[in-house]
Amino acid sequence: MKKVWITFAFLFTFQMMTQTSGVAIAQDTIDIKILSPDVVENYPGLETSVQAEITNLSDTELKNAMAYITMADIGKHMTVNLEDYSADVPILLDTLKPQQSVKVELPIRFVYTSQYKLYVTVSSDDDQQIHSSASIPVRILGNTQINPLFVQIVSIAMPVILLLLLFFVTRRKKH
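As a starting point, this report considers the structure included with it. Just so you know, these numbers come straight off a predicted model, no measurement behind them.

Quick word on the overall build of the protein
Moving on, step 1. If you tally the helices and strands in the protein, you get two helices and ten strands.
Moving on, step 2. Secondary structure elements of the protein occur, N-terminal to C-terminal, as α-β-β-β-β-β-β-β-β-β-β-α.
Moving on, step 3. By residue count, 25% of the 175 residues in the protein fall in the buried class.
Moving on, step 4. Sequence separation of at least 24 residues holds for 73% of the intrachain contacts in the protein that already meet a minimum separation of 6.
Moving on, step 5. Here the protein displays about 12700 Å² of accessible surface, and carbon together with sulfur accounts for 61% of that area.

Focus on the sheet that holds strand β3 (residues 47-56)
Moving on, step 1. Ordered by their spatial adjacency, three strands build an open sheet running β1-β3-β7, and the pairing between neighbours is antiparallel. On the outer flanks of this sheet lie β1 (30-36) and β7 (101-109), each paired with one strand and no other. On average, adjacent strands in this sheet sit at an angle of 30 degrees to one another, irrespective of strand direction.
Moving on, step 2. Strand direction decides the pairing type here: β3 and β7, joined by nine bridges, are antiparallel. Considered in β7, the bridge of E53 is made with K103.

So, unusual backbone geometry
Backbone geometry follows two general trends: most residues other than glycine have a negative phi, and most peptide bonds adopt the trans configuration.
Moving on, step 1. Note the cis peptide between S36 and P37, where omega equals -5 degrees.
Moving on, step 2. Secondary-structure assignment places P37 in the loop between β1 and β2 (40-42).
Moving on, step 3. Here the phi dihedral of S86 falls at roughly 55 degrees; this positive angle occurs in a residue that is not glycine.
Moving on, step 4. Looking at where S86 falls in the secondary structure, it is placed in the loop between β5 (78-79) and β6 (91-96).
Moving on, step 5. Residue S86 is classed as partly exposed on the basis of its relative accessible area, which comes to 42%.

So, the nonpolar core
Moving on, step 1. Counting 30 residues, the largest nonpolar core has I54, I69, M71, Y85, I108, F110 and L118 as the members making the most contacts within it.
Moving on, step 2. Every element with two or more residues in this core is listed here: β1, β3, β4 (62-73), β6, β7, β8 (114-124) and β10 (136-140).
Moving on, step 3. Of the residues forming this core, the biggest block, five residues, is contributed by β4.
Moving on, step 4. Beyond its immediate stretch of four places on either side in the chain, I54 contacts I30, D31, I32, A67, L93, L96, Q100, S101, V102, V104 and V122.

The rules behind these values
- Residues numbered from 1 in each chain as written.
- Predicted model: local features only at pLDDT ≥ 70, side-chain atom pairs only at ≥ 80, totals over all residues.
- Heavy atoms only, no water.
- Helix = DSSP H or I, 4+ residues; strand = E, 2+ residues; numbered from the N terminus.
- Buried < 20%, exposed > 50% of the residue type's maximum accessible area, 1.4 Å probe, protein only.
- Contact = heavy atoms within 4.5 Å.
- Areas by Shrake-Rupley, 256 points an atom, 1.4 Å probe, with all protein chains shown as cover.
- Pairing = 2+ DSSP bridges.
- Axes fitted to C-alpha atoms, helices over the stretch in contact; angles between N-to-C directions.
- Core = buried A, V, L, I, M, F, W, Y, C linked by side-chain atoms within 4.5 Å.

Next comes the structure, spelled out in structure tokens:
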């Protein structure tokens, strides 16, 4: 009987240790909604702004909060260097009071032809989590109006014409 009580005490202690040492699941403290655009589908060179609403859902102030764009290239399965897109500078939100909502406008210029997922991301000094919005699809189209045969002719003919011109100019100077 003594062995049963020792086993029971051991199991009870083990159960209590695993319950108290477990990792707590963090509660979402920031809500981010992209207001516009819903979808981007255009040619390279498009300059636009992503408008988002950021809400502090917690009961405490969040200091030094900042919002920025995050993008993933779906075709290449990699994140995007936003310096190329003129979107690498975050917007400082300063302090978000409890339950406060702020609207932000983040500029971006799309450069490369591909398909992307775009997010608005927020971080704060007072919050260990990084928060992101739901993604919006971005499709930057290639210029399909270019005739490949014309490109080949120009890419071959132009150097030949320049070489012939150089040849005639140097020959003329000699005479």
